[in-house]
Amino acid sequence: MTYSKDMLKMDCSAETSRIVGFIQEQARAMRRSGAVIGLSGGVDSAVSAELCVRAFGPDNVYALILPERDSNPVSAEFGLKQAKKLGIRTEYIDITPVLQAFGTYDKRDRPIRELFPEYDSGYKLKIALPPDLLARDALNFFTLTITGSDGVEKNARLGKDALNGIVAATNTKQRTRMLELYYASERMNYFVCGTTNKTENIQGFFVKYGDGGVDIEPIAHLYKTQVFQIAEHLGVIEEIRKRKPSPDTYSFIVSDEEFFFRMPFHELDMLLYAWEHRVPLTDIMGVMGLSEEQIKRSFRDFTSKFNATAHIRQFPPSPPES
Amino acid sequence: MGKSGLDPDGIKSSLRTFLSEPILPLAKVSTFSDDESFLEKGILDSTGVLELVSYLEKQFGIRVEADEIIPDNLDSLNKLTSFVLRKTTNVA
């Protein structure tokens, strides 16, 4: 395939049929009669739900809406609206009490207070990587930002221990959702439908046994920009299609681009494709109008993230047979 | 020579020892040339960067600013040595 600006455009009708067939085949292989899906209010879960409904009919798709106290309120609102559009059953479960019982918020806040002793529940927080990788080179390190009711932002670079502490605590949110999804799916003899796309999968932007703990991944072969194409084709509600993708894990709104990807999706996906398929540098430069340095910088970032997260895409290893 | 008797060879030796220890994730490679890219060799990743920056600040008494955490400063032994020399000379 010739590398070009339009090369990620799909025949959405054909691709939908293909994915629906895949979902049905997997259900037969697993002997499951429907799908459970966590509707986050984002485009990936909305598209996955649409595909499951086309595979099984609305009566055999069950949606869980699983917010917690840091979730953006529109997430549940959009998730419920998308479920209503599909005509599927929903169950709303606020997972905050479970997280509180585990100590998620206390565990997360401890390293934050070491950096900002004044931090309390009145503050909002987010963590993010350096922005604009194409504009300016920087290695990957996270910066914590907190903001109080006065709107004043304070920033601190996160060291290894602080970052690990915050991420480990925060990951319990996705893992708790996995618990709820599997409880529902096993009760109903459904499978848990994943919602990870290719852009996320390649770079390890999902939580091991959290949102990565699922039975099938029907859109893990689609780049984010392709998910948006299919979303429009399938009629996902406009609020979701227009919403800026976000991990929705921190109380201070942060986009996927700020938090992890460091560049806009339309450029990211083209570069990811080029990196995956070893497209010649001169072709990439010609199509994207980027310099060799910018492209190599992006590829370095992709390789680093891909290698660092290889283990989360694999079955746990064991010694070979003797 | 930088502050407190720091010399380029001493800095380089200290850095090489640190980077050859297994505390850095992926740092299974104990041999690397002075000019080899840590990123390309898989010695440095996001957690490794944090460990390295923390080590530089503690070992050499410098403050590494956010906009200094770039490959040009950190991505080989020679680049690291030059960076530390610049920072320690400026502090003195």
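Treat the numbers as computed from the prediction; the structure is a model and nothing was measured.

J.: With reference to specific residues and values, describe the domain arrangement of chain A.
T.: Residues and elements named next belong to chain A. The assigned domain composition of chain A is domain 1 (12–100 + 165–311) and domain 2 (103–164). Its C-alpha centre places domain 1 at a distance of 24 Å from the equivalent point of domain 2. With 26 residues of domain 1 at the interface, the matching set in domain 2 holds 25 residues. Tallying contributions element by element places helix α6 (residues 160–188) first for the side of domain 1 that touches domain 2, with eight residues. Here the residues of the side of domain 1 that touches domain 2 sort into twelve nonpolar, eight polar and six charged.

J.: Report on the sheet that holds strand β2 (residues 61–65) of chain A, specifying residues and quantitative values.
T.: Strand pairs in the sheet, formed through backbone hydrogen bonds, run parallel or antiparallel to each other. Residues and elements named next belong to chain A. With respect to topology, four strands assemble into an open sheet ordered β3-β2-β1-β7, the strand pairing being parallel. At either margin of the open sheet sits one strand with a lone partner, and together these are β3 (89–92) and β7 (191–192). The sheet contact formed by strand β1 (residues 35–38) and β2 spans four bridges and is parallel. Residue pairing in the sheet places V36 in a bridge with Y62 of β2. The sheet contacts of helix α3 (residues 73–86) involve β2 and β3, and relative to β2 the element is tilted by about 165°.

J.: Describe the interface of chain A and chain B, and please don't skip the residues or the numbers.
T.: With 14 residues of chain A at the interface, the matching set in chain B holds 14 residues. Taken together, the elements giving at least two residues each to the side of chain A that touches chain B come down to α6 and α13 (292–308) of chain A. When residues in the side of chain A that touches chain B are grouped by element, the largest group, four residues, is from α13(A). Per-class residue counts for the side of chain A that touches chain B are five nonpolar, five polar and four charged.

J.: Report on the pairing of β3(A), specifying residues and quantitative values.
T.: Here β2(A) runs beside β3(A); their pairing, made up of four bridges, is parallel. Each bridged residue has a counterpart across the sheet, and for I65(A) the counterpart in β3(A) is Y92(A).

J.: I'd love a proper account of the nonpolar core, names of residues and values included.
T.: A49(A), C52(A), V61(A) and A63(A) are the most contacted members of the largest nonpolar core, which has 54 residues in total. The contact partners of A49(A), leaving out residues within four places of it in the chain, are I37(A), L39(A), V61(A), A63(A), Q82(A), L86(A) and I88(A). Judged by nonpolar contacts, the second largest core, of 35 residues, contains L125(A), I166(A), L39(B) and V64(B).

J.: Hey, could you go over helix α5 (residues 104–115) of chain A for me, with residue numbers and the actual values?
T.: All names here are of chain A. Taken as a whole, α5 has its buried residues at T104, R108, D109 and I112. Buried positions in α5, seen along its axis, are confined to an arc of 90° and lie on one side of it. Facing away from the buried surface of α5 by more than 90 degrees, the exposed residues are D106 and R113.

Rules of the game
Residues numbered from 1 in each chain as written. Chains lettered and ligands numbered in written order. Predicted model: local features only at pLDDT ≥ 70, side-chain atom pairs only at ≥ 80, totals over all residues. Domains from an automatic or database assignment. Contact = placed C-beta atoms within 7 Å. Helix = DSSP H or I, 4+ residues; strand = E, 2+ residues; numbered from the N terminus. Nonpolar A, V, L, I, M, F, W, Y, C, P; charged D, E, K, R; others polar. Pairing = 2+ DSSP bridges. Axes fitted to C-alpha atoms, helices over the stretch in contact; angles between N-to-C directions. Core = buried A, V, L, I, M, F, W, Y, C linked by C-beta atoms within 7 Å. Buried ≥ 20, exposed ≤ 12 C-beta atoms within 10 Å, placed from the backbone. Arc of directions from axis to C-beta.

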